[in-house]
Every structure is written in C-alpha cells, then in structure tokens.
Amino acid sequence: MSLLTVSDHGNGVIVVDSRLVAAELGIQHKNFLGTIEKYNPKMASNPEMGAVAFETREFQTKQGNVSVERWAWLTELQATFIMTLSRNTEQVVNCKLALATAFEKAKQVIKDIIPAQSQEIERLKLELQVAQAQTAAAQSQERLMQVSSAIVTMHGAGMLGLILGKPEAIVEQPPIVVEKNILVDRSGRPVRTYEGLSKTKLARRYGMKKPQELVNWLQSMGKDHFIQPAMTAAPCQFVPFEYVPELDRLWASQQGSRQRLLGEQLSFSK
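The rules behind these values
- Residues numbered from 1 in each chain as written.
- Predicted model: local features only at pLDDT ≥ 70, side-chain atom pairs only at ≥ 80, totals over all residues.
- Heavy atoms only, no water.
- Phe/Tyr/Trp six-rings, centres within 6.5 Å; stacked < 30°, edge-to-face > 60°.
- Helix = DSSP H or I, 4+ residues; strand = E, 2+ residues; numbered from the N terminus.
- Buried < 20%, exposed > 50% of the residue type's maximum accessible area, 1.4 Å probe, protein only.
- Lys NZ or Arg CZ within 6 Å of the ring centre and 35° of its normal.
- pLDDT = per-residue confidence, 0-100.
- Core = buried A, V, L, I, M, F, W, Y, C linked by side-chain atoms within 4.5 Å.
- Contact = heavy atoms within 4.5 Å.
- Pairing = 2+ DSSP bridges.
- Axes fitted to C-alpha atoms, helices over the stretch in contact; angles between N-to-C directions.
- Salt bridge = Lys/Arg side-chain N within 4 Å of Asp/Glu carboxyl O.

**What about the packing of aromatic side chains?**
Line of reasoning, step 1. Evaluated as defined, the whole model comprises 4 aromatic pairs.
Line of reasoning, step 2. On the numbers, 5.5 Å between centres and 70° between planes, the contact of Tyr206 with Trp217 is edge-to-face. Placement of Tyr206 in the loop between α6 (199-205) and α7 (211-220) and of Trp217 in helix α7 is noted, with a sequence separation of 11 residues between them. In this structure, Tyr206 and Trp217 share a single accessibility class: buried.
Line of reasoning, step 3. Of note, Arg70 hangs over the ring of Phe54, and the distance from its end group to the ring centre comes to 4.0 Å.

**A word on the confidence of the model for the protein chain**
Line of reasoning, step 1. On average, the protein chain scores 77 in pLDDT, and the residues at 70 or more come to 71%.
Line of reasoning, step 2. Here strand β5 (residues 179-184) stands out as the element of the protein chain with the lowest mean pLDDT, 54, in contrast to helix α2 (residues 29-44), whose mean of 94 is the highest.

**Focus on the nonpolar core**
Line of reasoning, step 1. Grouped together as the largest cluster of nonpolar side chains are 25 residues, with contacts concentrated most on Val16, Val21, Phe32, Ile36, Leu74 and Leu99.
Line of reasoning, step 2. Listed by contribution, the elements that provide at least two residues to this core are β2 (14-17), α1 (18-25), α2, β4 (66-75), α3 (76-84) and α4 (90-155).
Line of reasoning, step 3. Residue contributions to this core peak at 7 residues, all from α4.
Line of reasoning, step 4. Not counting the four nearest positions on each side in its chain, Leu74 is found in contact with Ile14, Val15, Val16, Phe32, Ile36, Val52, Ala79 and Phe103.
Line of reasoning, step 5. Judged by nonpolar contacts, the second largest core, of 17 residues, contains Leu218, Met221, Leu247 and Trp251.

**Some words on the pairing of strand β3 (residues 53-60)**
Line of reasoning, step 1. The pairing of β3 with β4 spans 8 bridges and is classified as antiparallel. Looking at the pairing, Gln60 lines up with Val66 of β4.
Line of reasoning, step 2. Taken together, β3 and the strand that follows it, β4, pair antiparallel across an intervening segment of 5 residues, in which Gly64 is found at a positive phi of about 90°.

**Focus on the sheet that holds β4**
Line of reasoning, step 1. The antiparallel open sheet is built from 4 strands, whose spatial order is β1-β2-β4-β3. A single partner strand is all that each edge strand has here, and the edge strands are β1 (6-8) and β3. The average angle at which neighbouring strand axes cross in this sheet is 35°, direction not considered.
Line of reasoning, step 2. Note that β2 and β4 share 3 bridges and pair antiparallel.

**Quick notes on the environment of Phe226**
Line of reasoning, step 1. Along the chain, the position of Phe226 falls in the loop between α7 and β7 (228-231).
Line of reasoning, step 2. Along the primary structure Phe226 and Val215 are separated by 11 residues, whereas in three dimensions their C-alpha atoms are 9.6 Å apart.
Line of reasoning, step 3. In contact with Phe226, other than residues within four places in its own chain, are Phe238, Val239, Pro240, Tyr243, Glu246 and Leu247.

**Here's the deal with the pattern of salt bridges**
Line of reasoning, step 1. In the structure shown here, the tally under the stated rule is 8 salt bridges.
Line of reasoning, step 2. Arg70 is the partner of Glu37 in a salt bridge, and the nearest nitrogen-oxygen pair spans 2.0 Å. Taken together, the residues Glu37 in helix α2 and Arg70 in strand β4 connect sequence positions 33 residues apart.
Line of reasoning, step 3. For Glu37, a relative accessible area of 36% puts it in the partly exposed group.
Line of reasoning, step 4. Taking the relative accessible area as the measure of exposure, Arg70 reaches 32% and is therefore partly exposed.
Line of reasoning, step 5. In this structure, Arg57 engages Glu69 in a salt bridge whose closest nitrogen and oxygen atoms are separated by 2.7 Å. Placement of Arg57 in strand β3 and of Glu69 in strand β4 is noted, with a sequence separation of 12 residues between them.

Here it is, written out as structure tokens:
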C-alpha cells in the first residue's frame, strides 16, 4: 500500500514532498531532487505551473556534525510533469496512480469538509461574540444600577430622571436621615448620645459596596478622622452629621482615590 500523502501548503495549494515521491519510486532523493532542479527553470517559465518551492533544514548527524537537508514541495502540475520524464515501469506507474489518488482525495477534502468546518468555526465565533456582548451588557447594566443608586441617594430620583431624559422630573434634595444612638447605663440613664451616619449607610450613600471602601477613600484625602468611635450595644464607628456636607462636596468634586463609577474619569486629584 502506498504511503504517499499530500498536504495543504497554504492558500489552498496542495503539494507533495519530493522525499515521499522518491521513496515511492524507489530511488535516492538526491537524484530525484537533481531532476527537479534541472527542469525547474522550464516549469518557472510556464505561468500555469510556476517555480518549485524548496525548503531546507539543518540537522545534526550521528557523528555530531551539522548537515543540511533540502527538498521540494511539488504542486500537482509540477509532480505530474516530473513523472512524465520517467519511463513507465511498473513502479513508476504505481507512483503516478498513488499521486493522482492522493491529490484527488485532498481536493475532495478541500471541496467538502473544509467549507463545513469553516461554517462551524464561523458559527462558534458568532456564539462567542454574542456571549461576550451579553456579558458586557450585564456588566454595563450593573454599573448603571450602581451609578443610578448613587445619584438617587445624593440628589434624589428627580435628578436621575433628568439625566435619563425626562424633562418633567422634579429635582428635590433628598433628606439626610441622621442616626441617633443613645448609650444608657444599667439604670436606663443616658450616658452619651451619638448623631451621624454609620459607615455602612454613608458608603451606600456614595454607591460603595463595602464600608471599607469609604474608609479607603477618606484615608486617601487624610479625612479618616471623620470616622469616630461610638458605643451602642456593641462597639461601632460613625461619621458625625456636621461632616456629611463636606463629604458630599468632596464626593461630587471627585476628590480622593476611589473606585471609578460609570462615566467618571480614570483618576481623581487629591
């Protein structure tokens, strides 16, 4: 059975390795390569056939020396032409038959299988693009919800309506709900009163996910002293009410270092 195979050399050009043809013919490759090189100018002058593509590689022999191997990549026309230069012995005829069969099978693959694979690849690419677009849309929606929540918290639902293109929206400054915690002793007598906003509620006011983000933002501006210790049923921290307007101003003017919201600049000045 013939071991002669052909391969795609790029751009749909099917070629055969001259070493495989020489082996199929039962001759030394250097002799077969000599024939190819001898008639290469004639093939190169034929616009339908073109010049033969050669390839070389260096390799190390068993003795440790560096040697060079050279071979040719023959197209169907070039291989057919070279084969016509040989006498039609049984081995040559069998080689011609094996070449014709190998090239025909390869052309059939290119005609039938490769287009089907290309269609499947395009389908998978389209599915990937759709999935990426859905992921990006979900992320944008999440950021939009975060920003919308921050706008409603700081400026009211009316401001959000104006931003979203509703001119009839009424802008009202939302009231600040001040937390008031009264610490009492065992007799129920007040010991100390704390008025302000907890870190959790203040972080939500600015659209932050965690109270630690508020702490990091205040530290970036040297304002972490705004957070003061307090005692309720358990130790806690809060920001006194008198600091809240200043924090609103700092947040609105994009001061300090904080996580970027949708539509904001990449970095903030301190």
